[in-house]
Amino acid sequence: TASAGEVAGLYRAQVGAAELALIREDEAALPTDDAARRRLLMRAGLARVLVRLSGTTQVVADPMVRRRLLDRAESFVARYQFLAESTDEPRIRVHFTGQAVRSALWESGWPVWGRYRPSLLVWVASRSDGGLELVSADSHPALFSALQGAAARHGLPLLMPLMDGQDRRRLTGRDLLFEDWERIRAASARYEPQATLLLRLDSAREGEVRAEWLLHRGDEQAALRSRGSSVPAAVAGGMRQLLARLAKDYAVYPGKPVTLEAVVHGIDDLTGFARIERGLTRLAAVASAQPRRVAGGEARFRLAFRGRP
């Protein structure tokens, strides 16, 4: 398990022939030679990781990224494993070296969004008989499986509500339809999310699924729309937009290494101090964090910072 807000496996990808589209390759182009097939699938796996880090699929089209990273994908691999022996559907799980990938991406001029990301609680409603019905993983397993899969591929920490009696007493599909944020916030409080996501699905049109997404963070609200020939396609399109929207705020753009001083207030004991120090050193943009002074509930750190201040 992973704590909400911290993405596990950010530098890991599981890919097959279908993911070759990420690197502008045709599924039919998958070679029969084991070594050539492995190299191609590793490129696709690295492309998936780069999209998670930068927030956009445009990163894989950059000639510099292709030259520095994708064409040298094998050099960034920490370990890999073939998941299927069948030549018809080979799949590979690849783990890449995070620090090397981040550095190369920054050197190519692209931003990097690290593993600390806002936890997203998603409430889902599906249109039925002219109204919206609040749905759960029990009633719509395929839908929630598609949500979890798309969130994992895009590196977004998604929280699913229990949809128990307490949730159903506090929230209805009508609340999602009319965007009653007072009731939505009250129902969401037990999960302590950093952001709340509403998903309203409409599959009334034959052959098309429409999805409306509402992202709520603090006082900010953003609306997104996606569509597809199936629920997984519509969900994947929405997750792609959501990743891009959040990465604009959180991804760290490359900058000259600088030294910054950070002051943290409200530290009551050594446990709190150690937690802050550990958290700072695990941020993507922080190369090191040296304690300077601890007194009166206040701690000062000198940071070696790699992003734009």
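Further up the page is the structure itself.
Here is a short report on the structure shown in this document. What you are looking at is a predicted structure, and each value in this text was computed from that prediction instead of being measured.

## Describing the overall build of the protein chain
- Looking only at helices and strands, one finds nine helices and twelve strands in the protein chain.
- Relative to the globule expectation of 19 Å for 309 residues, the C-alpha radius of gyration of the protein chain, 22 Å, shows essentially globular dimensions.
- Principal axes of the C-alpha set define a box for the protein chain whose edges measure 65 × 60 × 30 Å.
- When the 309 residues of the protein chain are sorted by exposure, 45% land in the buried category.
- Look at the contacts in the protein chain between residues 6 or more apart in sequence, and 62% of them connect residues 24 or more apart.

## Digging into the sheet that holds strand S10 (residues 254-265)
- Taken in spatial order, the three strands of this open sheet run S10-S12-S11, and their pairing is antiparallel. In the strand order of this sheet, the two ends are held by S10 and strand S11 (286-295), each with one partner. Each adjacent strand pair in this sheet contributes to an overall mean axis angle of 15 degrees, direction not counted.
- Pairing analysis gives eight bridges linking S11 to strand S12 (residues 298-307), with the strands arranged antiparallel. Following the sheet pairing, Ala295 is matched in S12 by Glu298.

## Comments concerning the pairing of strand S7 (residues 195-202)
- The buried fraction of S7 amounts to seven of the eight residues, a majority that puts the element mostly inside the structure.
- Pairing of strand S4 (residues 120-128) with S7, which is carried by seven bridges, proceeds in the parallel orientation. Directly across from Val124, in S7, lies its bridge partner Leu199.
- Strand direction decides the pairing type here: S7 and strand S8 (residues 209-217), joined by seven bridges, are antiparallel. Bridge assignment links Leu198 to a residue of S8, and that residue is Leu214.
- Between S7 and S8, which pair antiparallel in sequence order, lie six residues; one of them, Gly207, sits at a positive phi of approximately 80 degrees.

## Details of unusual backbone geometry
- A positive phi angle is found at Glu179, which is not glycine, with a value near 55 degrees.
- Along the chain, Glu179 turns up in the loop between helix H6 (173-177) and helix H7 (181-188).
- We classify Glu179 as partly exposed; its relative accessible area is 28%.

## Quick word on the environment of Gln148
- Its place among the elements puts Gln148 in helix H4 (residues 141-154).
- The spacing of Gln148 and Ala289 is 141 residues in sequence and 34 Å in space, taken between C-alpha atoms.

## Remarks on the sheet that holds strand S3 (residues 92-96)
- Across the sheet, three strands lie side by side as S1-S3-S2; this open sheet has antiparallel pairing. At either end of the open sheet lies a strand with only one pairing partner, and these are strand S1 (12-15) and strand S2 (77-82). Each neighbouring strand pair of the sheet contributes to a mean axis angle of 15 degrees, computed without reference to strand direction.
- Here S2 pairs with S3 via five bridges, running antiparallel.

Reading guide: rules and limits
Residues numbered from 1 in each chain as written. Predicted model: local features only at pLDDT ≥ 70, side-chain atom pairs only at ≥ 80, totals over all residues. Heavy atoms only, no water. Helix = DSSP H or I, 4+ residues; strand = E, 2+ residues; numbered from the N terminus. Rg over C-alpha atoms; globule rule 2.2 N^0.38 Å. Buried < 20%, exposed > 50% of the residue type's maximum accessible area, 1.4 Å probe, protein only. Contact = heavy atoms within 4.5 Å. Pairing = 2+ DSSP bridges. Axes fitted to C-alpha atoms, helices over the stretch in contact; angles between N-to-C directions.

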